[in-house]
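Structural overview
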Amino acid sequence: MALWDRLKESASMMQTQLTAKKNELTSGAFRDAAMAMCALVAAADGTIDPSERQRVAQLIATNDVLRNFPADDLHRRFEENLGKLTADFALGRISVMQEVAKARKKPAEARAVIQIGIVIGGADGDFDQTEQAVVRDACHTLGLPPHEFDLD
């Protein structure tokens, strides 16, 4: 199977798993960690392209699992995290990764945050090395083995 096909299949599977857990994913910690993950993936290469910012914001607004939360609140949190990354990428990355860490106490939420990162990263059909590295770092932050998500 071609890498592109595997990527699409994996992102689709992750979204299906997330949707199945939708009713469990309602905490503020999950919301904050998910928006931080979205910002990290959007800025994975150290820059925040306006088209990527718009694409991720659109994905956040239309993701079935994230509909548990008000769209304007999600957008505000996403933009705040991007602001931290824009102001000082290295320092902002530490702060945003602390937001991701909020989901560490609940394994189901932690896994869902990683799955959201993979879905967002793969949405454009190219889950590139920098995006994979960010999601892999988030796995370590959340105490999850990267190989569980094929991120070795």
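Use the structure listed above.
In this report, the structure presented in the accompanying data block is examined. (Residues numbered from 1 in each chain as written. Predicted model: local features only at pLDDT ≥ 70, side-chain atom pairs only at ≥ 80, totals over all residues. Heavy atoms only, no water.)

**Brief notes about the overall build of the chain**
So the rule is basically this: For the purposes of this entry, the term helix denotes a DSSP run of H or I that reaches at least four residues, the term strand denotes a run of E that reaches at least two, and both are numbered from the N terminus. Whether a residue is buried, partly exposed or exposed follows from its accessible area with a 1.4 Å probe, protein chains only, as a fraction of its type maximum: under 20%, in between, or over 50%, in that order. Residues count as neighbours in contact if any of their non-hydrogen atoms are within 4.5 Å of one another. Accessible areas in this description were obtained via Shrake-Rupley with a 1.4 Å probe; residue shielding takes into account the shown protein chains only.
Of the regular secondary structure elements, the chain holds seven helices and zero strands. Each helix and strand of the chain, ordered N terminal to C terminal, gives the series α-α-α-α-α-α-α. Looking at the chain as a whole, 46% of its 152 residues are labelled buried. If you take every contact in the chain between residues at least 6 apart in sequence, the share linking residues at least 24 apart comes to 77%. Carbon and sulfur atoms make up 53% of the accessible area of the chain, which amounts to about 7,400 Å² in all.

**Examining the nonpolar core**
Rule in force here: In plain words, nonpolar cores are sets of buried Ala, Val, Leu, Ile, Met, Phe, Trp, Tyr and Cys residues tied together by side-chain atoms within 4.5 Å.
Residues F30, F78 and I114 are the most contacted members of the largest nonpolar core, which totals 45 residues. For this core, the secondary-structure elements that each account for two or more residues are α2 (28–42), α3 (50–62), α4 (71–87), α5 (89–100), α6 (107–122) and α7 (129–142). Looking at which element gives the most residues to this core, the answer is α2, with eleven residues. Each residue touching I114, except ones within four places of it in the same chain, is listed here: M37, V135, A138, C139, L142, L144 and F149.

**Overview of the pattern of salt bridges**
We count it as follows: We define a salt bridge as a side-chain nitrogen of Lys or Arg found within 4 Å of a carboxyl oxygen belonging to Asp or Glu.
Inspection of the entire model under this criterion finds 13 salt bridges. Among the salt bridges present, the one from D137 reaches R93, with a minimum N-O distance of 2.5 Å. Here R93 lies in helix α5 and D137 lies in helix α7, a separation of 44 residues in the sequence. By relative accessible area, D137 is classed as partly exposed at 31%. In this structure, E99 engages K102 in a salt bridge whose closest nitrogen and oxygen atoms are separated by 3.2 Å.

**Description of the packing of α2 against α6**
Helix packing geometry: the angle between the two helix axes and the distance between the axes. Operational definition: Think of each axis as a best-fit line through the C-alpha atoms, taken over the contacting stretch in the case of a helix, with angles from 0 to 180 degrees between the N-to-C directions. To sort the angles, those under 35 degrees are grouped as roughly parallel, those over 145 as roughly antiparallel, those from 65 to 115 as roughly perpendicular, and the leftovers as oblique. Whether a crossing is left-handed or right-handed is set by the direction in which the near helix is turned from the far one by less than a right angle, anticlockwise for left-handed and clockwise for right-handed. As a working rule, the residues Ala, Val, Leu, Ile, Met, Phe, Trp, Tyr, Cys and Pro are called nonpolar, Asp, Glu, Lys and Arg charged, and the rest polar, with Gly in that last group.
In the contact formed by α2 and α6, the axes pass within 9 Å of each other and the chain directions differ by 30°. Accordingly, the angle class assigned to the pair α2 and α6 is roughly parallel. Where α2 crosses over α6, the handedness of that crossing is right-handed. Residue-level inspection shows A29, F30, A33, A34, M37, C38 and V41 of α2 in contact with α6, the latter providing E109, A112, V113, I114, I116, G117, I120 and G121. Residue composition of the contact of α2 with α6, by class: twelve nonpolar, two polar and one charged.

**What about the environment of M37?**
Residue position: M37 is located in helix α2. By relative accessible area, M37 is classed as buried at 0%. A C-alpha to C-alpha distance of 8.6 Å links M37 and V134, two positions 97 residues apart in sequence. Contacts of M37, omitting those with residues within four sequence positions, involve V100, V113, I114, G117, V135 and A138.

**As for the packing of α5 against α7**
α7 packs onto α5 with a crossing angle of 55° between their chain directions and a minimal axis gap of 10 Å. If you check the angle between α5 and α7, you find them oblique. Of the two elements, α5 crosses α7, and the hand of that crossing is right-handed. On the side of α5, the interface is formed by R93, M97 and V100, while α7 contributes V134, D137, A138, T141 and L142. In the contact of α5 with α7, the residues fall into five nonpolar, one polar and two charged.

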